[in-house]
Amino acid sequence: MNSVDPAVVFSFGERAMEAFQFYRMQIAASTMIGAALGMLGAFVVLRRMALIGDALSHAILPGVVLAFMLMDFIFGHMEGLWGVWGLFAGALLAGLVTALSIGWLSRHARAKDDSVIGIVFTAMFGLGVVLISLQPKGTHFDLTCFLFGLPLAIKLQDFVSIAIITPAVIAFIAVAYRGLKILSFDPQMALASGVRVNLLHYAFMGFLAATVVSALRTVGVIMSVAMLITPAATAYQLTNRLSTMLWLSGLFGALSAAVGFVVAFVLNIPTGPAMVLFATALFGIALVLSPKYGLVHRALRRRTLRRHIAEEDVLKVLAREERALNRDELRGFIPQAQPKDLSFAVSNLFARKLLRRDSGTYALTKEGLARGMMLVRSHRLWETYLADGSVPLDGIHDGAERLEHAHNLAEQLYQELGKPRVDPHGEDIPRRTPRENAGDGQH
Amino acid sequence: MPMADEEKKAAEPAVLFESVTVSYMNNPALRDVTVALPAGRLTSVTGPNGAGKTTFLRALLGLMPLDSGRVLVFGQPVDAVRKNLAYVPQTESVDWDFPITARDVVMMGRYPHLRMLRRPHERDHHAVDRALERVVMKEYADRHIRQLSGGQQQRIFIARALAQEADMLILDEPFTGIDARTEETLLDLITKLSREGKTLVIVNHDLSLLDRFDFVLLLNRTVVAAGPPDEAATPAMIRRAYSGALAHADYAERLIHEGDINEFR
């Protein structure tokens, strides 16, 4: 047996403890900023602003560099709260310039919106890199740190700014929740009902820019986009409620930051990327296992439905043909079902006493016949409905072959079509039996 | 009292456009529109594609700067009566994958009445329940909006407008993409609402439905006809509305906007 060496587990745990011991402040800062990015990300995802988030985070570079140069010129350093606020101001300015030029260009230039975004943010980023190269010798602006973050280097001043911005983001979302919800879901109604849409939008972008700046040291610019989108996209797969999505998204963001930090420390790999990869792993798990939209549950639901449909097909064919059929005949009548589903259906119908074996052939029990007739009825009602909706006669059978399984809806059609007695092919539509009247449409 | 209300309603139009011109990027979408829509009635805003129906709606909702003229709703500027206008969007423009249940959508109608940070009051929940009952959607209230049929989706947005308790409902193309029977149910509901005193302004391009309305506004960049269907929606008027009105004017405007000097030499 290949088992894990206990010494490795021990040293893993030991290293993790070490991380908690020496980098408590850095872990706390990363976790908070992960939560803030995650919660803002919920709205970024729902408003389809992923590209704008990406643009914004890159475009703040020249602002950050300018602030750095100015601070260096005035104070000779970037330390303390002045450094932090200077950085914020520079980033917000650059963010504003970006947002305004994107808005102006998309109104006045012959260029598509996404092209405009692409042009503006790369130009701003390029400008930032040029500004860095213009720095006098001896000053040190770390581009790699800007791009990928360096959480181990989080200082008290960064912690303080993050400890201010995160509650501010949460408070903003709490105050503006209904406005943001209605703006994301139905911008027209938001405008019509007097929500201050522009104010809300720019406030949101401002908080986004401030949060991304705060996240510079934790995950860096490139990875901050992932921390904005991925936790929110994960939450989106798990719930049908915005409020749930919001806190799940914040939780996943915080968890990714914390776990990513510790794992990176233990394995001695870059921290920002470790956070992003952990967030992506959560996304992958949700993608596969989400109870609502996950691949596994969808496949299971589809299989259950396929088998259910195969069962109904067997019942209907036997009822329609009005005689017992052997296995091959049955297969011939139901070519659309997979053989495996068909065998499963047959044995299940035996178990439910809807089907009986009659010297090598299959026949319906009394109850099976009633069910089968209901499906024949449903099939013919759907054919009538399709023909009524001008579908050509030679096409209605194939359509009804699928639709007949929606037999509860077929009863509604019966009323709406004026209780027809014959289908468009001239076949009788079987009456509804009193038994079914008792209502067993569920299974 | 109800008599007095009735009289007042008849006297004062719900919507008044006075010489309204609106344009997108120097392209006039509506030219010199003057019309009064009656209160407590069912009005159809009708015209061909590109006739300015949506622009008319946007101007009515106060979402567009006007080049000239003015719009009055219940005798006042739109901004003063916003709470009293409920907007029902086109179904195609809705994000049906948004994480929201039917009841949540209806609750949005209460937002204009809610104070910031306050949770919905019992009264708001009652208004939502009543609106859901009114459109016969109570049993589907907790479904995700994707799990509703086309007609049900439409009704949920009408319930939102009802929950808002507005006097005017503005519907953008509610009859597109639904089958004839759903259309009938919807028309019944809409007619009942107008009989109860609501003003309904409906963008509708289905000419076969015009005689179901109390008032028809035929639009093609400007007012072609306005009045009860038997006066305004005559075959001659409809032909006029649907015959590319003002096409040459548009072309010239576009050339001017582009600064295309060749055509003007």
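## A few points about the overall build of chain B
- A count of helices and strands for chain B gives 9 helices and 10 strands.
- Here the C-alpha atoms of chain B give a radius of gyration of 20 Å, agreeing with the 18 Å that 2.2 N^0.38 yields for 265 residues.
- Overall size of chain B, expressed as C-alpha extent along the three principal axes, is 70 × 45 × 40 Å.
- Within chain B, buried positions represent 51% of all 265 residues.
- Once local pairs closer than 6 in sequence are excluded, the contacts in chain B between residues at least 24 apart make up 69%.
- Counting only carbon and sulfur atoms, one obtains 50% of the accessible surface of chain B, whose full area is about 12800 Å².

## Examining unusual backbone geometry
- Positive phi, close to 60°, is recorded for lysine 353 of chain A, a residue that is not glycine.
- Turning to its location among the elements, lysine 353 of chain A is positioned in the loop between helix H16 (339-351) and strand S2 (355-358).

## As for the layout of surface pockets
- Counted as a void, the largest pocket has a volume near 1200 Å³.
- At 9 residues, the largest contribution of residues to the lining of the largest pocket is made by helix H5 (residues 80-108) of chain A.
- Taken together, the residues of the lining of the largest pocket break down into 19 nonpolar, 8 polar and 6 charged.
- Here the second largest pocket is characterised by a volume of approximately 1100 Å³.
- As for the second largest pocket, its lining consists of 33 residues, of which Val175, Tyr177, Arg178 and Gly179 of chain A together with Tyr111 of chain B are closest to the centre.

## What to know about the nonpolar core
- Formed by 149 residues in total, the largest nonpolar core has its most connected members in Phe204 of chain A together with Phe17 and Phe56 of chain B.
- Those residues in contact with phenylalanine 204 of chain A, other than ones at most four positions away along the chain, are Leu40, Phe43, Val44, Arg47, Met49, Phe172 and Leu180 of chain A.
- Membership of the second largest hydrophobic core comes to 21 residues, among which are Ala310, Leu318, Leu330 and Leu364 of chain A.

## Notes on the pattern of salt bridges
- For the structure shown, the criterion picks out 25 salt bridges over all chains.
- With a shortest N-O distance of 3.6 Å, aspartate 104 of chain B and arginine 241 of chain A are connected by a salt bridge. One end of the pair, aspartate 104 of chain B, is in helix H3 (residues 102-108); the other, arginine 241 of chain A, is in the loop between helix H11 (220-236) and helix H12 (242-267), on a second chain.
- Judged by relative accessible area, which is 14%, aspartate 104 of chain B ranks as buried.
- A salt bridge links arginine 323 of chain A to glutamate 329 of chain A; its shortest N-O distance comes to 3.3 Å.
- Judged by its relative accessible area of 42%, arginine 323 of chain A falls in the partly exposed class.
- Taking relative accessible area as the criterion, glutamate 329 of chain A reaches 30% and is therefore assigned partly exposed.

## Considerations on the interface of chain A and chain B
- Taken together, the 28 residues of chain A in the interface contact 34 residues of chain B.
- Contact between chain A and chain B buries roughly 2700 Å² in total, counting both sides, with carbon and sulfur atoms accounting for 59%.
- When residues of chain A are sorted by the area they lose upon contact with chain B, Arg178, Phe185 and Met189 of chain A head the list and together hold 29% of the total.
- Between lysine 181 of chain A and aspartate 104 of chain B there is a salt bridge whose closest N-O contact spans 3.9 Å.
- Our count for the contact surface shared by chain A and chain B stands at 5 residue pairs in polar contact (both at pLDDT 80 or more).
- If you list the elements that add at least two residues to the side of chain A that touches chain B, you get helix H8 (156-185), helix H9 (187-192), H12 and helix H17 (366-388) of chain A.

## Some words on the pairing of strand S7 (residues 168-172) of chain B
Residues and elements named next belong to chain B.
- Burial runs high along S7: 5 of the 5 residues are buried.
- Because side chains alternate across S7, one face comprises the buried residues Met168, Ile170 and Asp172, and the other comprises Leu169 and Leu171, equally buried.
- Two strands pair when backbone bridges link them, and strand S6 (residues 85-88) and S7 are joined in this way by 4 bridges, in the parallel orientation. When the bridges of S7 are listed, valine 88 appears paired with leucine 171.

## Points about the packing of H11 of chain A against H12 of chain A
Residue and element names in this part refer to chain A.
- Where H11 contacts H12, the axes come no closer than 8 Å and their chain directions differ by 130°. The angle between H11 and H12 falls in the class oblique. As for how H11 packs across H12, the hand of that crossing is right-handed. Between H11 and H12, the residues in contact are Met227, Pro231, Ala232, Thr234, Ala235 and Tyr236 and Met245, Leu248, Ser249, Phe252, Gly253, Ser256 and Ala257, respectively.
- Within the contact of H11 with H12, the residues separate by chemical class into 9 nonpolar, 4 polar and no charged.

## A look at the side chain of arginine 160 of chain B
- By the secondary structure assignment, arginine 160 of chain B is in helix H5 (residues 150-163).
- For arginine 160 of chain B, a relative accessible area of 1% puts it in the buried group.
- If near-sequence neighbours (up to four positions away) are discounted, arginine 160 of chain B is found in contact with Phe185, Asp186 and Met189 of chain A together with Tyr87, Pro89, Val105, Val106, Met108 and Gly109 of chain B.

## Here we look at the sheet that holds strand S5 (residues 76-77) of chain B
Residues and elements named next belong to chain B.
- The 4 strands are arranged S2-S1-S4-S5 in an open sheet whose pairing can be described as antiparallel. With one partner strand each, in any of the chains shown, strand S2 (27-37) and S5 form the two edges of the open sheet.
- Pairing of strand S1 (residues 15-24) with S2, which is carried by 7 bridges, proceeds in the antiparallel orientation. By the bridge assignment, valine 22 is partnered in S2 with leucine 30.
- Along the sheet, helix H2 (residues 53-60) makes contact with S1, S2 and strand S4 (68-73), crossing S1 at roughly 120°.

## Description of the domain arrangement of chain A
- One can read the domain layout of chain A as domain 1 (6-293), domain 2 (303-364) and domain 3 (369-439).
- When each unit is reduced to the centre of its C-alpha atoms, the spacing between domain 1 of chain A and domain 3 of chain A is 56 Å.

## Re the sheet that holds strand S3 (residues 361-364) of chain A
All names here are of chain A.
- Ordered in space as S1-S3-S2, the 3 strands form an open sheet in which the pairing is antiparallel. Strands with a single pairing partner mark the edges of an open sheet, and in this sheet they are strand S1 (325-326) and S2.
- In this fold helix H14 (residues 295-321) packs onto S1, S2 and S3, with an angle of close to 85° to the strand it touches most, S3.

## Some words on empty space enclosed by the protein
All names here are of chain A.
- Tallying each qualifying case throughout the model produces 3 cavities of 30 Å³ or more.
- Of the volumes computed, that of the second largest cavity is approximately 50 Å³.
- Around the second largest cavity sit Arg327, Leu330, Arg331, Leu342, Ser343, Val346 and Tyr362, which together line it.
- Those elements giving two or more residues to the lining of the second largest cavity turn out to be helix H15 (327-333) and H16.
- Partitioned by chemical class, the residues of the lining of the second largest cavity number 4 nonpolar, 1 polar and 2 charged.

## Examining the confidence of the model for chain A
- Here chain A averages 85 in pLDDT, and 93% of its residues register 70 or above.
- Here residues 435-443 of chain A scores under 50 on pLDDT; set against residues more than four positions off or in separate chains, the count is 14 contacts.

## Structural notes on the packing of aromatic side chains
- One pass over the structure, following the stated rule, counts 10 aromatic pairs over all chains.
- Measuring from centroid to centroid gives 5.1 Å for phenylalanine 185 of chain A and phenylalanine 98 of chain B, while their planes differ by 50°, and the two rings are tilted. Taken as a pair, phenylalanine 185 of chain A in helix H8 and phenylalanine 98 of chain B in the loop between S6 and H3 lie in two separate chains rather than in one.
- Given a relative accessible area of 4%, phenylalanine 185 of chain A falls into the buried group.
- For phenylalanine 98 of chain B, a relative accessible area of 0% translates into the label buried.

Rules of the game
- Going along each chain's sequence as written, the residues are numbered from 1 onward.
- Chain labels run from A onward and ligand labels from 1 onward, assigned in the order the entries are written.
- Predicted model: local features are reported for residues with pLDDT of at least 70 only, side-chain atom pairs are reported and counted for 80 or more only, and whole-chain, interface and lining totals are derived from all residues.
- Think of the side-chain values as coming from all heavy atoms in the structure, minus any hydrogens and water.
- Runs of E in the DSSP output that reach at least two residues are strands. Runs of H or I that reach at least four are helices, and both are numbered from the N terminus.
- For a compact globule the rule gives 2.2 Å times the number of residues to the power 0.38, and the radius of gyration it is set against comes from C-alpha atoms.
- Only protein chains enter the accessibility calculation, which uses a 1.4 Å probe; a residue is then buried when its area is under 20% of its type maximum, exposed when over 50%, and partly exposed in between.
- Any two residues whose heavy atoms approach within 4.5 Å are treated as being in contact.
- Accessible surface area values rest on a Shrake-Rupley calculation with a 1.4 Å probe, where residue burial reflects the displayed protein chains alone.
- A 1.4 Å probe that fits into a set of points on a 1 Å grid over the protein atoms alone but cannot get out defines a cavity; an open set with protein on both sides within 12 Å along at least five of seven lines defines a pocket, and lining residues are those with an atom within 4 Å of a point.
- Grid points are joined across faces, edges and corners, and a volume is the space filled by probe spheres set on the points.
- Three residue categories are used. Nonpolar comprises Ala, Val, Leu, Ile, Met, Phe, Trp, Tyr, Cys and Pro, charged comprises Asp, Glu, Lys and Arg, and polar comprises the others, including Gly.
- Working definition of a nonpolar core: buried Ala, Val, Leu, Ile, Met, Phe, Trp, Tyr and Cys residues. They are joined through side-chain atoms within 4.5 Å.
- A carboxyl oxygen of Asp or Glu within 4 Å of a side-chain nitrogen of Lys or Arg is what we treat as a salt bridge.
- Here the quantity called buried area is the accessible surface, traced with a 1.4 Å probe, that two parts lose on coming together, added over both.
- Counting of polar contacts relies on pairs of N or O atoms within 3.5 Å, with two restrictions inside protein: one atom must be capable of donating a hydrogen and the other of accepting it, and residues adjacent in sequence are counted only when both atoms are side-chain atoms.
- Strand pairing requires that DSSP identify at least two bridges connecting the strands.
- Simply put, an axis is a line fit to the C-alpha atoms, just over the touching stretch for a helix, and the angle between two N-to-C directions goes from 0 to 180 degrees.
- Relative orientations are named as follows: roughly parallel for angles under 35 degrees, roughly antiparallel for angles over 145 degrees, roughly perpendicular for angles from 65 to 115 degrees, and oblique for any other angle.
- The crossing is said to be left-handed when, going from far helix to near helix, the turn is anticlockwise and less than a right angle, and right-handed when the turn is clockwise.
- Domain segmentation is taken from an automatic or database assignment of domains.
- Confidence per residue, as judged by the predictor, is encoded in pLDDT with a range of 0 to 100.
- Only rings of Phe, Tyr and Trp enter the pairing, Trp through its six-membered ring, and a pair is recorded when the two centres are within 6.5 Å. The plane angle decides the type: under 30 degrees is stacked, over 60 is edge-to-face, the rest tilted.

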